[in-house]
Amino acid sequence: MLGQEHIFSLLFDRTAAGVLAATGLVALLSLLLLRAPLHRRIAGLILFLSAFSLYDVFGYDFVVMTDSTASASMAQQPDLRAAYTVSLNAYRIIQVSFQFILSAAVLFAADWRAMAAGNIVWWGGGCDLAYYAATFRHLPSDWNWLWFTPLGAFSDSLSLPVVLLQAAFMSAAALLLISPLACRILPCREKPAISPSGMR
């Protein structure tokens, strides 16, 4: 059984998972309490990013990489590579399933724009950057696993400046999508405000 000190260390010392969990809970409470569409979209986006990144931290860093010891263990015992491959594939299958469920939850709790915005940030590599921030790791100079991103489709490996630029552009697009400005080009159906007298 995990002791309180170990849990605190895991959530706040060795990772920033506790910050992600707290942020996600605040966003969830906001979805339950707030009524303004813009506020709900912001809360939905924050919930998506927090929950997905939290899954990434524990799923990859502690289950697949076994607290970052997998690489060293496989170097000493090459026979472990088959087990590592199986765990990585299982992690990816669960990750995609979790992303679908999370997207559906944000869709119903907020709206399609919040759900799409969260996936746009993920698509741009924003959640991968959040993983490195949450695990206190140095950002690598080469990113050879972002094949699913817009620029990754054209290159086997992306440099760090390209990754940062892509993430910034996609995050800006996501913020634009949830903002009222998006209604100038999208068919938005905002509910009209009701005056105190009951007249629209």
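Residues numbered from 1 in each chain as written. Predicted model: local features only at pLDDT ≥ 70, side-chain atom pairs only at ≥ 80, totals over all residues. Heavy atoms only, no water.

1. Observations concerning the packing of helix H2 (residues 17–33) against helix H3 (residues 37–64)
Move 1: Between H2 and H3, whose axes approach to 8 Å, the crossing angle comes to 150 degrees. Judged by the angle between their axes, H2 and H3 are roughly antiparallel. The handedness of the crossing between H2 and H3 is left-handed. Here H2 contributes Ala-17, Leu-20, Ala-21, Thr-23, Gly-24, Ala-27, Leu-28, Ser-30 and Leu-31 to the contact with H3, which in turn contributes Arg-40, Ala-43, Gly-44, Ile-46, Leu-47, Ser-50, Ser-53, Leu-54, Val-57 and Phe-58.
Move 2: Here the residues of the contact of H2 with H3 are counted per class, giving 12 nonpolar, six polar and one charged. (Axes fitted to C-alpha atoms, helices over the stretch in contact; angles between N-to-C directions. Helix = DSSP H or I, 4+ residues; strand = E, 2+ residues; numbered from the N terminus. Parallel < 35°, antiparallel > 145°, perpendicular 65-115°, else oblique. Left-handed = near helix turned anticlockwise from the far one by under 90°. Contact = heavy atoms within 4.5 Å. Nonpolar A, V, L, I, M, F, W, Y, C, P; charged D, E, K, R; others polar.)

2. Here we look at the nonpolar core
Most often, soluble globular proteins keep nonpolar side chains buried together rather than apart.
Move 1: If you look at the biggest cluster of nonpolar residues, it comprises 17 residues, and the most contacted ones within it are Val-57, Leu-129, Ala-134, Trp-143, Leu-146 and Val-163.
Move 2: Mapped by element, the contributors of at least two residues to this core are H2, H3, helix H7 (126–134) and helix H8 (160–178).
Move 3: Here the element with the most residues in this core is H7; it accounts for four residues.
Move 4: Residues Ala-27, Ala-43, Phe-52 and Val-106 belong to the second largest nonpolar core, which totals 12 residues. (Core = buried A, V, L, I, M, F, W, Y, C linked by side-chain atoms within 4.5 Å. Buried < 20%, exposed > 50% of the residue type's maximum accessible area, 1.4 Å probe, protein only.)

3. Some points on the packing of aromatic side chains
In this description, a pair of aromatic rings is defined by centroid distance and the angle of the planes.
Move 1: In total, this model carries 12 aromatic pairs according to the counting rule given.
Move 2: Look at Tyr-131 and Tyr-132: their rings are 5.3 Å apart centre to centre, the planes differ by 85 degrees, and that puts the pair in the edge-to-face class. Tyr-132 matches Tyr-131 in its accessibility class, with the two residues each being buried.
Move 3: Ring pairs connect the aromatic residues Tyr-55, Tyr-60, Tyr-91, Phe-98, Tyr-131, Tyr-132, Trp-143 and Trp-145, which therefore count as one cluster. (Phe/Tyr/Trp six-rings, centres within 6.5 Å; stacked < 30°, edge-to-face > 60°.)

4. With respect to the environment of Val-63
Move 1: Assignment of secondary structure puts Val-63 in helix H3.
Move 2: Sequence separation between Val-63 and Ser-87 is 24 residues, and the spatial gap between their C-alpha atoms is 8.0 Å.

5. A closer look at the environment of Ile-178
Move 1: Here Ile-178 lies in helix H8.
Move 2: C-alpha of Ile-178 to C-alpha of Gly-118: the two residues are 60 residues apart in sequence and 10.0 Å apart in space.
Move 3: Setting aside residues no more than four positions away along its own chain, Ile-178 makes contact with Leu-38, Arg-41, Ile-42, Leu-45, Arg-113, Ala-114 and Ala-117.

6. Considerations on the confidence of the model for the chain
Move 1: Put simply, the chain has an average pLDDT of 88, and 90% of its residues get 70 or more.
Move 2: Contacts for the low-pLDDT stretch residues 192–196, under 50 throughout, to residues beyond four places or in other chains number three contacts. (pLDDT = per-residue confidence, 0-100.)

7. Some words on the side chain of Arg-40
Move 1: Here Arg-40 is to be found in helix H3.
Move 2: Of the side chains with opposite charge, Asp-111 comes closest to the buried, unpaired Arg-40, at an N-O distance of 8.0 Å.
Move 3: Other than its neighbours up to four places away in sequence, Arg-40 contacts Leu-31, Leu-34, Arg-35, Ala-109 and Ala-110. (Lys, Arg positive; Asp, Glu negative; His and termini not counted. Salt bridge = Lys/Arg side-chain N within 4 Å of Asp/Glu carboxyl O.)

8. Regarding a nonpolar patch on the surface
Move 1: A grouping of Leu-25, Leu-28, Leu-29, Leu-32, Leu-33 and Leu-34 is seen on the molecular surface, where their side chains present a nonpolar patch of about 590 Å² in accessible area.
Move 2: Tracing the chain through its elements places Leu-32 in helix H2.
Move 3: On the accessibility criterion, Leu-32 (56% relative accessible area) is exposed. (Patch = residues over 30% accessible without salt bridge, like charges linked within 9 Å, V, L, I, M, F, W, Y side chains within 5 Å. Areas by Shrake-Rupley, 256 points an atom, 1.4 Å probe, with all protein chains shown as cover.)

9. With respect to the pattern of salt bridges
Move 1: This structure, assessed with the given rule, holds two salt bridges.
Move 2: For Arg-41, the salt bridge is made with Asp-111, and the minimal N-O distance between the two is 3.5 Å. Placement of Arg-41 in helix H3 and of Asp-111 in the loop between helix H5 (80–109) and helix H6 (112–123) is noted, with a sequence separation of 70 residues between them. For the residue pair Arg-41 and Asp-111, the accessibility class agrees, reading buried in each case.

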